[in-house]
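Chain by chain, the residues run as shown.
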Amino acid sequence: MEVLLRNRAALHTLPATGLYPHQWSWDSAFTAIGLRHVSPRRAQQELESLLGAQWADGRLPQIVFDRQRDEDYSPGAAFWRSEEIPGSPAVPTAGLVQPPVHARAALAVHRADEAESRRRGFLERAHPRLLAWHGYLRTRRDRGGRGLASIVHPWESGMDNSPAWDGPLSRVPDVRAGGPGVPRPDLRHADPSERPSNAEYGRYLHLAARYRDHRCDDADAGHEFVCEDPAFNALWADAELAMAEVAAALGGDRAPHEARARELTAALEPLFSPALGTYAARDVRTGELQRVATVAGLLPLLLPHLPRAAELLATLRGPRFRLGTAVMVPSHDLTAAGFDRARYWRGPSWSSTTWLLVQALRGRGAVAEARALGAQLRRSALQHGFAEYVDPIDGTPHGTRAFTWTAALALDLEL
Ligand code: 9YW
């Protein structure tokens, strides 16, 4: 609770003071899920402030910038110059997006205090914006033509330096070649061995600049990074199931959303890798499945009609992810040669993905495992000052501390 208060800025909450001085999209959704227990109104405002930064095409931006803090994070408002792009909102934002967890959060926030939600017209106002957001994914992001949304930057997965992106990123030019170094204000707040490398940042910046220079229009046939991510799409399918509930709460029709969730679940099927026992990302440019097991490939477990649930549960419980004996769920296969217990999304356990798997286990009736994993998340969060991520084997904390979503999701699991 104290962390959520301390990280508050205007109507939203910063992921962490110092390292992340703006508003991030999926962070706000997780934050609202925790905040609803202490202040349903603040939880509504958290989501409303993000929805207020929606673009005319429906996208919800990865980051909403605070201009006062533009020196403290890169790439910031001066890099994106969103005000020059038609259809951008009044506030400066990034042009990229993050995983679509917002409808699930809005539903949870509404249910936390339905009277307050109705009094403020929260759900009625959120509904058209959430519809437009999902509409953007459907109409602008199906770059592979298979009914799945593509991401155009590793940042859009929310799992920036996941090993799933190593293959596709290797074909992306590095802006450092022949140019100046990349700005790394993040390294003022975190150990370089726990963050993405300069080589990765050089490619991240190339992709972001190219996307910006094409006015973030999604129609750039030459864009060098176009991937179907199983987590992004599973979260979208789950968000459609939440939208079915939202529609029903507003007296509307749930059927189209349920149908879309089923279609998305079916469209994920070709991403399943029997060899890994997980879903895997596909590079749309080459058609290749990335042969790495990451936590992203387990998140389809959230979906009720998933044909591969038994295989995914076996993988989660097996040596790659060690549910029950690992501290929380690792972000990358513990048995892989590239597993790194301290570096960001290349091994450490994160509260967001662990919390999502607690929900998935609950939904599948694995109640005891869900409870034990949730208790582990809380214990680790409280013990280490709400660390950004932890070593999955011995629990050593890494990244920044007083990290908002760790605090918010630990709070949610307490109640
Ligand atoms: C960055 C804010 C964000 C999260 C992402 C996480 C990280 C931003 O922090 O990305 O600068 O690297 O990977 O999921 O939303 O907490």
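Residues numbered from 1 in each chain as written. Predicted model: local features only at pLDDT ≥ 70, side-chain atom pairs only at ≥ 80, totals over all residues. Heavy atoms only, no water.

> Is there a simple way to explain the packing of aromatic side chains in this structure?
Remark: the centre distance and the inter-plane angle together describe each pair of aromatic rings, the angle taken between the planes. Applying the stated criterion across every chain, the model contains 21 aromatic pairs. Relative to W80, the ring of F79 has its centre 5.4 Å away and its plane inclined at 80°; by these criteria the two rings are edge-to-face. As far as the burial class goes, F79 and W80 line up, both buried. Chaining the aromatic ring pairs together yields one cluster made of Y20, W24, W26, F30, Y73, Y344, W345, W350, W355, Y389, F403 and W405. Cation over ring: R59 sits above W55, and NZ or CZ is 4.7 Å from the ring centre. (Phe/Tyr/Trp six-rings, centres within 6.5 Å; stacked < 30°, edge-to-face > 60°. Buried < 20%, exposed > 50% of the residue type's maximum accessible area, 1.4 Å probe, protein only. Lys NZ or Arg CZ within 6 Å of the ring centre and 35° of its normal.)

> Whenever I open this one, the side chain of S157 confuses me. Can you help?
Residue placement: S157 occurs in the loop between β5 (150-151) and α8 (166-169). For S157, a relative accessible area of 1% translates into the label buried. Here the side chain of S157 touches W165 through a polar contact of 3.2 Å, side chain to side chain. (Helix = DSSP H or I, 4+ residues; strand = E, 2+ residues; numbered from the N terminus. Polar contact = N/O pair within 3.5 Å; in protein donor to acceptor, adjacent residues only side chain to side chain.)

> Would you take a moment to explain helix α10 (residues 230-249) for this structure?
Here α10 spans 29 Å end to end across 20 residues, near enough to the 28 Å set by a 1.5 Å rise per residue. The buried fraction of α10 amounts to 16 of the 20 residues, a majority that puts the element mostly inside the structure. Of the residues flanking the end of α10, it is G251, one or two places downstream, whose phi is positive at about 80°. (Expected span 1.5 Å × (residues − 1).)

> Sorry if this is basic, but what is going on with the domain arrangement of the protein here?
When the parts come together, some accessible area is lost, and that loss is often what is quoted as the size of the interface. Domain assignment breaks the protein into domain 1 (2-310) and domain 2 (318-415). For domain 1 versus domain 2, the separation of C-alpha centres amounts to 20 Å. Across the boundary between the two partners, domain 1 contributes 49 residues, which contact 36 residues of domain 2. Buried surface at the junction of domain 1 and domain 2, summed over both partners, amounts to about 3,600 Å²; 64% is from carbon and sulfur atoms. (Domains from an automatic or database assignment. Contact = heavy atoms within 4.5 Å. Buried area = accessible area lost by both parts, 1.4 Å probe.)

> Can you walk me through helix α3 (residues 40-51) in this structure?
Count 3.6 residues to each turn of an α-helix, and residues three or four apart come out pointing the same way. Helix length check: α3, at 12 residues, gives a terminal C-alpha distance of 16 Å against a target of 16 Å (1.5 Å per residue), a fit within 8%. Of all 12 residues that make up α3, 10 are buried, and the element is covered over most of its length.

> It is not clear to me how unusual backbone geometry should be interpreted in this structure. Could you clarify?
Leave glycine aside and you will find that most residues have negative phi; peptide bonds, for their part, are mostly trans. Going from S74 to P75, the amide bond is cis rather than trans, its omega being -5°. Mapping P75 onto the fold places it in the loop between β4 (63-64) and α4 (77-80). Of note, R81 is a non-glycine position whose phi angle comes to about 45°, a positive value. For R215, which is not a glycine, the phi torsion comes out positive at approximately 55°. The residue R215 is located in the loop between α9 (198-213) and β6 (227-228) in this model. The class of R215 is partly exposed, set by a relative accessible area of 48%.

> Is there a simple way to think about the site of the ligand in this case?
Around the ligand lies a shell of 15 residues, among which D27, Y73, G158, D160 and Y344 are the nearest. Y73 places a polar side-chain atom, nitrogen or oxygen, 2.6 Å from an oxygen atom of the ligand. Here the ligand, which alone exposes 390 Å², has 99% of that area covered by the protein. Of the residues that constitute the shell around the ligand, the class distribution is 10 nonpolar, 2 polar and 3 charged. (Near = heavy atom within 4 Å. Areas by Shrake-Rupley, 256 points an atom, 1.4 Å probe, with all protein chains shown as cover. Nonpolar A, V, L, I, M, F, W, Y, C, P; charged D, E, K, R; others polar.)

> For this particular structure, what's the right way to read the environment of W55?
Along the polypeptide, W55 turns up in the loop between α3 and β4. Among the residues examined, W55 registers a relative accessible area of 4% and is labelled buried. Measuring from C-alpha to C-alpha, the distance between W55 and S197 comes to 31 Å, with 142 residues separating the pair along the chain.

> Help me understand the environment of R36 in this model?
Inspection of the secondary structure assignment puts R36 in the loop between α2 (25-35) and α3. R36 sits in the buried class, given a relative accessible area of 17%. Put simply, R36 and H110 are 74 residues apart on the chain and 8.6 Å apart in space, counted from C-alpha to C-alpha. Once you skip the residues sitting within four places of it in the chain, R36 turns out to touch A43, A108, V109, A112 and D412.

> Sorry, what's going on with the nonpolar core here?
Soluble globular proteins tend to bury their nonpolar side chains together. Ranked by internal contacts, the top residues of the largest apolar core, which has 129 residues, are W80, L316 and L357. Top contributing element to this core by residue count: α10, with 10 residues. Taken domain by domain, this core gets at least three of its residues from each of domain 1 (2-310) and domain 2 (318-415). (Core = buried A, V, L, I, M, F, W, Y, C linked by side-chain atoms within 4.5 Å.)

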